[in-house]
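For reference, the chains in residue letters:
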Amino acid sequence: MRIGVFDSGLGGLSVLREIRRRIPAANLTYLADSAWVPYGARSEDVIRVRSLALSRYLVYHGHDMIVVACNTATAAAVPLLRETFRIPIVGMEPAVKPATAATRSGVVGVLATVGTLQSARFAALLDQFGGDIQVLTRACPGLVEQVEAGELDSELTRALVTQFVAPLVRAGADTLVLGCTHFPFLRPLIETTAGPDVRVIDTGEAVARRVREVAQAAGLQAGERGATNFFTSGDAGASLGALRRLWDDAATLTELPAEYAGRS
Ligand code: DGL
């Protein structure tokens, strides 16, 4: 079984590591669309074009399933991908449902990209699960770039996290949703900033469980440990250091062919 996973950059590695943990036998291919990161401020049209190109690459190379390890791309492109390709497409969305179930203060904070927060999909999520709960949303410009640079604890990263998280906690949020796949890499910093009374919820594990169900339904056999291969639409040299920091020291990174990378 070959599972292809993509994100705007390296953030989706937070989902990939959960998939690797739960489905050791699968061969995993990770595509980082680093030439186009961040997706958060791009139009839905651009994100759709990029999601189609990356998915086409994965389908052409024989993958059995695609995981959109990006909340922003899921909101913009998953229906289109499902119309276009026959293989299963697993997407993700901010964990508003579990957060509204978990809160005791009745106030939940969602950290995500502008694209996710402005999407029709997110509005529908709030309609469905918001109810009496006050859901405060916070776009976090600059934070994705810090993770892309592998700067998980620099002075600037700390300042940005404080700027985004502290007002939510002051407003009474006792539950924070990490609605962007880059943010689990900042979880220790976010938790320290939010304090011990705030619960932080991430979606990676739930997505990995869903991927395993789909893989099992498609007949995935347990077996040897599968391979994990990494590709980028950008400059491999520019992202390799951060990839090794976020994944492991032995990871190698290959550049996608120009036609899939969207480079002219
Ligand atoms: N990691 C992505 C997400 O989950 C997108 C980040 C970005 O490129 O803006 O939304």
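Check the entry above for the structure.
Below: a short report on this structure. (Residues numbered from 1 in each chain as written. Predicted model: local features only at pLDDT ≥ 70, side-chain atom pairs only at ≥ 80, totals over all residues. Heavy atoms only, no water.)

Observations regarding the layout of surface pockets
Argument step 1. Here the largest pocket defines a volume of roughly 360 Å³.
Argument step 2. Forming the walls of the largest pocket are 19 residues, and the residues nearest its centre are Glu93, Ala95, Pro98, Thr203 and Ala206.
Argument step 3. Elements that contribute at least two residues to the lining of the largest pocket include exactly helix H4 (96–102), helix H6 (120–129) and helix H10 (204–217).
Argument step 4. It is H10 that contributes the most residues to the lining of the largest pocket, five residues altogether.
Argument step 5. Looking at the second largest pocket, it is lined by 13 residues, and the ones nearest its centre are Gly40, Ala41, Cys140, Pro141 and Gly142.
Argument step 6. Of the residues contributing to the lining of the second largest pocket, the split by class is nine nonpolar, three polar and one charged. (1 Å grid on protein atoms, 1.4 Å probe; cavity = no way out; pocket = protein on both sides within 12 Å on 5 of 7 lines; lining within 4 Å. Points joined across faces, edges and corners; volume = space filled by probe spheres on them. Helix = DSSP H or I, 4+ residues; strand = E, 2+ residues; numbered from the N terminus. Nonpolar A, V, L, I, M, F, W, Y, C, P; charged D, E, K, R; others polar.)

Structural notes on the packing of aromatic side chains
Argument step 1. Scanning the model with the defined rule gives four aromatic pairs in all.
Argument step 2. Ring centres of tyrosine 30 and phenylalanine 230 lie 6.3 Å apart, and the angle between their planes is 55°; this geometry places the pair in the tilted category. One end of the pair, tyrosine 30, is in strand S2 (residues 27–32); the other, phenylalanine 230, is in strand S9 (residues 228–232), and 200 residues separate them in sequence. Side by side, tyrosine 30 and phenylalanine 230 carry an identical accessibility label, which is buried.
Argument step 3. Ring centres of tyrosine 57 and tyrosine 260 lie 5.0 Å apart, and the angle between their planes is 80°; this geometry places the pair in the edge-to-face category. With tyrosine 57 in helix H2 (residues 44–60) and tyrosine 260 in helix H12 (residues 258–261), the pair connects residues that are 203 residues apart, well separated along the chain.
Argument step 4. An aromatic cluster is defined as three or more aromatic residues linked by ring pairs; in this entry it consists of Tyr30, Phe230 and Trp247. (Phe/Tyr/Trp six-rings, centres within 6.5 Å; stacked < 30°, edge-to-face > 60°. Buried < 20%, exposed > 50% of the residue type's maximum accessible area, 1.4 Å probe, protein only.)

Focus on the pairing of strand S1 (residues 2–7)
Argument step 1. Along S1, five of the six residues are buried, which leaves the element largely enclosed by surrounding structure.
Argument step 2. In the classification by handedness, the crossover that spans S1, the intervening helix H1 (residues 13–22) and the parallel S2 is right-handed. (Right-handed = clockwise from strand over helix to strand, strands pointing away.)

Let's talk about the pattern of salt bridges
Argument step 1. Applying the stated criterion across every chain, the model contains eleven salt bridges.
Argument step 2. A salt bridge links glutamate 205 to arginine 209; its shortest N-O distance comes to 3.6 Å. Within this pair, glutamate 205 and its partner arginine 209 are both found in helix H10, separated by four residues, close to a single helical turn.
Argument step 3. For glutamate 205, a relative accessible area of 38% translates into the label partly exposed.
Argument step 4. Looking at arginine 209, the relative accessible area reads 40%, which means it is partly exposed.
Argument step 5. One connected set of salt bridges, linked through shared partners, spans Glu18, Arg21, Arg22, Glu205 and Arg209. (Salt bridge = Lys/Arg side-chain N within 4 Å of Asp/Glu carboxyl O.)

Some remarks on the environment of alanine 99
Argument step 1. By the secondary structure assignment, alanine 99 is in helix H4.
Argument step 2. Overall, the relative accessible area of 0% leaves alanine 99 in the buried class.
Argument step 3. For the pair formed by alanine 99 and alanine 69, sequence separation is 30 residues and the distance between their alpha carbons is 20 Å.
Argument step 4. The residues contacting alanine 99, other than those within four sequence positions of it, are Val108, Thr175, Val177 and Ile201. (Contact = heavy atoms within 4.5 Å.)

Any functional reading would require information beyond the geometric quantities listed.
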